[in-house]
Amino acid sequence: MTHSFDKKYWDEIWHGDRATAMAAGTPNPHLTHEVAGLTPGTALDAGCGGGTEAVWLATRGWQVTGADIAAEALARAADRAAQAGVADQVRWVEADLSTWEPETRYDLVTTHYAHPAIPQLDFYRRIADWVAPGGMLFIVGHLHHDHHGGAASHDAGHGHHDTDGQPPESASVRAADITAQLDPTEWEIWTARETHRSMTGPDGRDVQLHDVVVAAGRRR
């Protein structure tokens with residue numbers, strides 16, 4: 001199945017039956033592990049969806065910009081921030097991340113399974129440019145692997161999987177694909193790993209997630 005990942009696609013996802021479950025998730029464990037010890041600064045969550053990670057960062061003292069193409073996702077995210085008492089620490093921006101350019105650079109730029117309407121690695125190159133000198137780029141994406149079908153589902157509630165439970169090939173990468181985009185004269189690679197974990201999906205079933213995780217620091 002071919003996915004466009006354009007505004008129409010994401011608006012339909014966030015107005016669909018699974019939107020409430022998607023917006024009610026817990027923060028990505030890769031993010032909470034890697035970022036918990038950092039000194040808070042400014043952060044951008046690129047493709048923030050329902051705001052789970054953006055709100056988590058705000059509760060840890062970060063000043064956060066959450067950007068997403070779907071207005072309904074941002075409305076749910078704003079509600080979540082208000083309920084968490086951090087509405088004044090998060091700015092929500094409706095933006096097409098394939099063309100949008102921020103007005104500033106950030107101490108942390110992070111993304112979790114986001115897929116705008118451009119090739120996946122092009123998206124990662126774009127958001128890398130938004131990291132300030134001395135800042136951190138943190139990517140969690142779908143791992144490209146050769147195991148399809150059966151019980152190995154990669155449906156974590158992000159709403160963009162093919163009928164066999166796997167993310168589309170165009171939305172999956174390997175760690176080496178990402179790190180190859182980062183000039184070693186400008187970046188220090190801190191983490192580049194491919195992981196497999198279990199979680200409970202929006203329908204209550206246990207699912208297997210195959211993740212690629214990259215953390216890199218921009219040299220000053």
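Calculation criteria
Residues numbered from 1 in each chain as written. Predicted model: local features only at pLDDT ≥ 70, side-chain atom pairs only at ≥ 80, totals over all residues. Heavy atoms only, no water. Helix = DSSP H or I, 4+ residues; strand = E, 2+ residues; numbered from the N terminus. Contact = heavy atoms within 4.5 Å. Areas by Shrake-Rupley, 256 points an atom, 1.4 Å probe, with all protein chains shown as cover. Phe/Tyr/Trp six-rings, centres within 6.5 Å; stacked < 30°, edge-to-face > 60°. Buried < 20%, exposed > 50% of the residue type's maximum accessible area, 1.4 Å probe, protein only. Core = buried A, V, L, I, M, F, W, Y, C linked by side-chain atoms within 4.5 Å. Pairing = 2+ DSSP bridges. Right-handed = clockwise from strand over helix to strand, strands pointing away.

As annotated in an unreviewed UniProt entry, the protein carries the name Class I SAM-dependent methyltransferase and comes from Williamsia marianensis.

*Asks:* With reference to specific residues and values, describe the overall build of the protein.
*Replies:* Across its full length, the protein carries seven helices and eight strands. Partitioning the contacts of the protein with sequence separation of at least 6, the portion at a separation of at least 24 is 71%. Surface summary for the protein: the accessible area is close to 9,900 Å², and the carbon and sulfur share equals 48%.

*Asks:* Talk me through the packing of aromatic side chains; I want residue IDs and the actual numbers.
*Replies:* Applying the stated criterion across every chain, the model contains two aromatic pairs. A ring pair is formed by Trp100 and Trp130, whose centres lie 5.4 Å apart and whose planes are at 80°; its orientation type is edge-to-face. Of this pair, Trp100 sits in the loop between strand S3 (90–94) and strand S4 (106–112) while Trp130 sits in the loop between helix H6 (120–128) and strand S5 (131–143), and the two are 30 residues apart along the sequence. Considered together, Trp100 and Trp130 belong to a single accessibility category, that of buried residues. When the centroid spacing of 5.6 Å and the interplanar angle of 40° are considered together, the rings of Phe123 and Tyr124 count as tilted. Phe123 gets classed as buried once you look at its relative accessible area, which sits at 0%.

*Asks:* Explain unusual backbone geometry to me, using residue names and the numbers behind them.
*Replies:* Unusually for a residue other than glycine, Tyr113 sits at a positive phi of about 65°. Structurally, Tyr113 is set in the loop between S4 and H6.

*Asks:* Let's hear about the nonpolar core: which residues, and what values?
*Replies:* Counting residues in each nonpolar core, the largest one holds 27 residues, and the members touching the most others are Leu44, Trp100, Val109, Ile127 and Leu137. Counting residues per element, the ones that place at least two in this core are strand S1 (42–46), S4, H6, S5, helix H7 (175–179) and strand S8 (206–218). Ignoring anything within four residues of it in the chain, the contact list for Val109 reads Leu44, Ile127, Trp130, Val131, Met136, Leu137 and Phe138. Residues Ala54, Val55, Val64 and Phe138 belong to the second largest nonpolar core, which totals 22 residues.

*Asks:* Describe in detail the pairing of S1, supporting the description with residues and values.
*Replies:* Here S1 lies mainly inside the structure; four of its five residues are buried. As paired strands, S1 and strand S2 (residues 63–68) are joined by five bridges and run parallel to one another. Considered in S2, the bridge of Asp45 is made with Gly66. After leaving S1, the chain enters helix H4 (residues 52–59) and then returns to the sheet as S2, a path that is right-handed.

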